[in-house]
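Here's the letter readout for the chains.
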Amino acid sequence: MPSDSFLPSLNDVMDPLYPQQLEVLRQQVLAEGGETATTQALFNYAWGLIRSQLVDDQRLGVKILSDIYKDTPSRRRECLYYLTIGCYKLNEYQMAKRYVDVLSSHEPNNKQVQTLKKMVEDKIERETMKGLLVGAGVIAGIATAAGFFFRSKKK
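Model, not experiment: these values are computed from the prediction.

Cut-offs applied
- Counting starts from 1 at the beginning of each chain's written sequence and moves along it residue by residue.
- With pLDDT at 70 or above as the cut-off, local features in this predicted model cover only qualifying residues; side-chain atom pairs require 80 or more to be listed or tallied, and sums for whole chains, interfaces and linings still use all residues.
- Computation of side-chain values covers all heavy atoms of the structure but excludes hydrogens and water.
- Strands are runs of DSSP state E lasting at least 2 residues, helices are runs of H or I lasting at least 4, and numbering of each runs from the N terminus.
- Contacts are assigned to residue pairs that have any heavy atoms within 4.5 Å of one another.
- In the sections that follow, a salt bridge refers to a side-chain nitrogen of Lys or Arg positioned within 4 Å of a carboxyl oxygen of Asp or Glu.
- The classification of residues rests on relative accessible area computed with a 1.4 Å probe and restricted to protein chains. Under 20% of the type maximum is buried, over 50% is exposed, and intermediate values are partly exposed.
- In predicted models, pLDDT denotes the confidence assigned by the predictor to each residue on a 0 to 100 scale.
- As used here, the term nonpolar core means buried Ala, Val, Leu, Ile, Met, Phe, Trp, Tyr and Cys residues forming a set that is joined through side-chain atoms within 4.5 Å.

Caption draft 1: View of the environment of alanine 41. Within the secondary structure layout, alanine 41 lies in helix H3 (residues 39-51). For the pair alanine 41 and arginine 26, spaced 15 residues apart in the sequence, the C-alpha separation amounts to 8.5 Å. Discounting chain neighbours no more than four positions away, the residues touching alanine 41 are Gln28, Val29 and Glu32.

Next up, the structure:
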């Protein structure tokens, strides 16, 4: 995986395409035969789907990119980048981390990759803290309810 080629900035890939732009990409895939379209047409369409605000579009984008990743080794670098973003947007943070870790292992000095990795790791940390706080709140609630229950039984 060459580390000197360009990956788009996170700001660029998080901005959704207009529906008309996504439709142009879809029509290109259809014009090239749908599932038998060129890798480039499929990749462009998947890239557009990942940028969509619709979860179903994002899921389809992740699926197409996964297929490209398996079938076309020369596109793995770009696929890993967008698969990370797609999984991140779908709240599949552990899967996003797996993808970005593979990418980072091949490109440890790539600032865009490291920024993406930090974004994923920060989100995982925030979600973990949220889970711990919710868990602590539930335990506190149960302890309070048990205290009231046992106190009322003594009377």
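Additional details are given in the paragraphs that follow.
Caption draft 2: Structural view of the pattern of salt bridges. All told, the structure shown has 9 salt bridges when counted by the stated rule. Arginine 26 is the partner of glutamate 23 in a salt bridge, and the nearest nitrogen-oxygen pair spans 2.9 Å. Separated by 3 residues within a single helix, glutamate 23 and arginine 26 lie in helix H2 (residues 19-31), roughly one turn from each other. Between arginine 59 and glutamate 92 there is a salt bridge, and its shortest N-O distance comes to 3.0 Å. Of this pair, arginine 59 sits in helix H4 (residues 55-71) while glutamate 92 sits in the loop between helix H5 (76-89) and helix H6 (93-106), and the two are 33 residues apart along the sequence.

Caption draft 3: Broad picture of unusual backbone geometry. A positive phi angle is found at asparagine 91, which is not glycine, with a value near 65 degrees. Following the sequence through the fold, asparagine 91 ends up in the loop between H5 and H6.

Caption draft 4: A look at the environment of proline 19. Position of proline 19 relative to the elements: it lies in helix H2. Residue proline 19 is classed as exposed on the basis of its relative accessible area, which comes to 64%. Placed 33 residues apart in sequence, proline 19 and serine 52 show a C-alpha to C-alpha distance of 8.5 Å.

Caption draft 5: Region of the structure containing the confidence of the model for the chain. For the chain, per-residue confidence averages 85 on the pLDDT scale, and residues scoring 70 or more make up 74% of the total. Per-residue pLDDT, averaged within each element of the chain, yields its smallest value for helix H1 (residues 10-14) (68) and its largest for H4 (97).

Caption draft 6: Inspection of the nonpolar core at higher detail. Core analysis: the biggest nonpolar cluster contains 35 residues, and Tyr45, Ile64 and Leu65 have the highest contact counts within it. Within the residue set of this core, elements represented by two or more residues are H2, H3, H4, H5, H6 and helix H7 (111-154). Examining the composition of this core, we find that 8 residues originate from one element, H5, more than from any other. With residues near it in sequence (within four places) discarded, tyrosine 45 still touches Leu22, Leu25, Arg26, Val29, Leu60 and Ile64.

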